[in-house]
Amino acid sequence: MGAERRGRAVQESSFGQPGNPGRDRVGEPQQGGKPFGISKREVWQAYQRVAANKGAPGVDGVALETFEEDLKNNLYRIWNRMSSGSYFPPPVRAVPIPKKGGVRILGVPTIADRIAQTVVARRLEPRMEEIFHDDSDGYRPGRSAIDAVGKCRERCWRYNWVIDLDVQKFFDSCPHDLIVKAVEANTAQRWIVLYVKRWLVAPLQHADGSLEARERGTPQGSAVSPCLANLFLHYAFDRWMAREFPSVRFERYVDDAVVHCVSERQALAVKEAIGARMAQVGLNLHPGKTRIVYCGDSNRRDRHDEVTFGFLGYTFRPRAALNKRTGAMFTSFAPAMSRDKLTAKGEEVRAWRLHLRTGGTLADLADQINPVVRGWMQYWGHFNKSQMYGLLQRINAYLMRWARKKYRRLRSRRRLDAWWERLVANEPGMFAHWAWVTGCGLAFAGR
């Protein structure tokens, strides 16, 4: 039985639609003497969210497809243990992710644990929407990182100075007691607090099987971590900023934040105050990465050593721009895809080895890469998309190399160019990036 049919069978049983026996309305206590009011419907909806996000197996090695082979019993087991208070999370699988200057540890819970965490996250989310600051955009319905980047761009035009904040090892450092306190302030459900406490101390299991106890932090990768991180920083940063500096604007996307100031003097004072506040709640600003930046453009005359900063994969800096009304060039302080991201995506394109996949067709290649490339375009194409053109041209270069390897008659540059021009003219929508770039832009490789 396929996953879709299995899901439908479970949906039609005790985790099913309204009116089916055994299904309870969200939030109402279950029958059968269970101490905690968690409905089977909540568990079913949490499973649907986890299934949509897919993801790798946890420490038990059980993939989503395997979990779905006995979906009804697996979901029942989660509900039964959570509603009785006997649910204890297993260790979280530690996955090292290389990053610039080191390694980030991603925590991967089991499929069952992800579902249990999602039950709690879905209970907390409505309350968080009621209280959260309007400039907190991370992991909230109807908001995105692009919203935060867009607001940051507009405010850089209005305010001359920026504090580029970097909280050092935030997900490894945030104190458990303050996270629990924030949760307790926003729910009357004892079971939510109980399970949050258990998840916070669930150990990390490394590849060699060793367990690492956790006394601080909430690992990136779990379903409930963004929720807990956001709630913690709502009190640690957002509300504090609104109280202490009500006229100072900021954007925050979980632990990534930018603060706008009217003068360097104000920026220095606010930066010092934020550093003291972070220390007060058990965190530290990174001394080398937290900087004051001047938003220089054609209309500003001050000078400063720092004139660039990064935010959510974009680099903000002075850039040449065209006044569409007058045709004159000027300098604008604007975002574009960061050099680090361009390098990383370029390495990803290289790892695809497109020119060696000559056993298939161009349509096969398009099916494989279009979803990925379209995602890049949708995110980094919002602002100064021309920054991406070189990356997209590189994909075309690999496609031309593919054609030259597959078809002997195209090994001359003249024939290859003619074939490419016909292909782009006849199939303009075959590759997603052809909407922007159809040329190669690189020296012909492999002659």
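Residues numbered from 1 in each chain as written. Predicted model: local features only at pLDDT ≥ 70, side-chain atom pairs only at ≥ 80, totals over all residues. Heavy atoms only, no water.

Turning next to the environment of Ala363. Within the secondary structure layout, Ala363 lies in helix H13 (residues 362-380). For the pair formed by Ala363 and Glu129, sequence separation is 234 residues and the distance between their alpha carbons is 44 Å. (Helix = DSSP H or I, 4+ residues; strand = E, 2+ residues; numbered from the N terminus.)

A word on the environment of Glu244. When you line up the elements, Glu244 lands in helix H10 (residues 225-244). A polar side-chain atom of Glu244 sits 3.5 Å from a polar atom in the side chain of Arg243. (Polar contact = N/O pair within 3.5 Å; in protein donor to acceptor, adjacent residues only side chain to side chain.)

The subject of this paragraph is the packing of aromatic side chains. The description of an aromatic ring pair rests on the distance of the ring centres and on the angle between the ring planes. Evaluation of the coordinates by the stated rule reveals 21 aromatic pairs. Aromatic side chains Tyr139 and Tyr253 sit 5.8 Å apart centroid to centroid with 45° between the ring planes, which places their arrangement in the tilted category. Taken together, the residues span a long stretch of sequence, with Tyr139 in the loop between helix H5 (111-131) and helix H6 (145-158) and Tyr253 in strand S6 (residues 250-253) at a distance of 114 residues. The exposure class of Tyr139 is exposed, given its relative accessible area of 54%. With a centroid separation of 6.3 Å and 55° between ring planes, the pair formed by Trp419 and Trp420 is classed as tilted. In this structure Trp420 comes out as buried when scored by relative accessible area, which is 7%. Counting every residue linked through ring pairs, the aromatic cluster contains Tyr314, Tyr379, Trp380 and Phe383. Above the face of the Tyr407 ring, Arg409 is positioned so that its terminal group lies 5.6 Å from the ring centre. (Phe/Tyr/Trp six-rings, centres within 6.5 Å; stacked < 30°, edge-to-face > 60°. Buried < 20%, exposed > 50% of the residue type's maximum accessible area, 1.4 Å probe, protein only. Lys NZ or Arg CZ within 6 Å of the ring centre and 35° of its normal.)

So, about the side chain of Ser222. Assignment of secondary structure puts Ser222 in the loop between strand S5 (211-212) and H10. For Ser222, a relative accessible area of 9% puts it in the buried group. At 2.7 Å, the side chain of Ser222 forms a polar contact with the side chain of Ser225. Setting aside its immediate chain neighbours within four residues, Ser222 contacts Gly107, Pro109 and Gln117. (Contact = heavy atoms within 4.5 Å.)

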